[in-house]
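# Chain and residue survey
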Amino acid sequence: MKIFETVYDKTLQWSKHRFAPFWLSFVSFIEAIFFPVPPDVMLIPMSMAEPKKALRFAVYTTLASVLGGMIGYAVGYFAFDWVSGYIQNWGLQTKFDQAQLWFETWGVVVVFLAGFSPIPFKVFTICAGVMNMAFLPFVLSAAVSRFTRFFFVARLSAWGGEKYADKIRHYIEMLGWGTVALAVIGYAVYSFTH
């Protein structure tokens, strides 16, 4: 069953679409508020397909992510009671509690580190609003960290270009099923220990 190869080929095909920059920006924007898929999923193939535009794609992704982060901040600041049920339903309560603890300990530095964290960015944007963090330092930290991350992702992807897209395609089934297996094992271990 070549599920991941088909998805990979489709993603590369979409990355060359004329509206791909719009969709990249849109995904980046909503990921900072509620969407579970990081924009890297689009940024990587787009930068591989068009290496000369990689920096532009990183800028689009950053601007949209920071704007989405501002909305996430507003949600945390003005409407956390409404959102708190969703945080629990999405299984993010533990991560949210951890983010709050980090905010209390390190303040604005957490937003900078959040740009690189495996914890979804939306957790930090909403938490920053809940914690009533100073807005301008929040925006500046988010902008610097998100641009740094997206620049490196786009640059490395562009460096590999189409030649690495073919190499990745060769191993994509093994990588995809290996990731699924790790996720299942991780979930089983987590369920067993909690």
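Thresholds applied
- Residues numbered from 1 in each chain as written.
- Predicted model: local features only at pLDDT ≥ 70, side-chain atom pairs only at ≥ 80, totals over all residues.
- Heavy atoms only, no water.
- Helix = DSSP H or I, 4+ residues; strand = E, 2+ residues; numbered from the N terminus.
- Axes fitted to C-alpha atoms, helices over the stretch in contact; angles between N-to-C directions.
- Parallel < 35°, antiparallel > 145°, perpendicular 65-115°, else oblique.
- Left-handed = near helix turned anticlockwise from the far one by under 90°.
- Contact = heavy atoms within 4.5 Å.
- Buried < 20%, exposed > 50% of the residue type's maximum accessible area, 1.4 Å probe, protein only.
- Polar contact = N/O pair within 3.5 Å; in protein donor to acceptor, adjacent residues only side chain to side chain.

An unreviewed UniProt entry lists the protein under the name VTT domain-containing protein, from Neisseria iguanae.

Before going further, it helps to spend a moment on unusual backbone geometry. A positive phi angle, near 55 degrees, is found at Asn-132, a position not held by glycine. Tracing the chain through its elements places Asn-132 in the loop between α8 (121-130) and α9 (135-193).

A word on the packing of helix α3 (residues 40-49) against helix α4 (residues 54-78). For the pair α3 and α4, the least separation of the axes is 9 Å and the interaxial angle reads 160 degrees. Classed by the angle they form, the pair α3 and α4 counts as roughly antiparallel. Relative to α4, α3 is oriented so that their crossing is right-handed. For the pair α3 and α4, contact is made by Leu-43, Met-46 and Ser-47 and by Ala-54, Phe-57, Ala-58 and Thr-61, respectively.

Turning to the side chain of Glu-31, a few remarks are in order. Following the sequence through the fold, Glu-31 ends up in helix α2 (residues 20-31). Take Glu-31: its relative accessible area is 5%, and that puts it in the buried class. Among the polar contacts listed, one links the side chain of Glu-31 to the side chain of Arg-146, at a separation of 3.0 Å. Every residue in contact with Glu-31, bar those within four places of it in the chain, is listed here: Val-37, Pro-38, Pro-39, Phe-121, Lys-122 and Arg-146.

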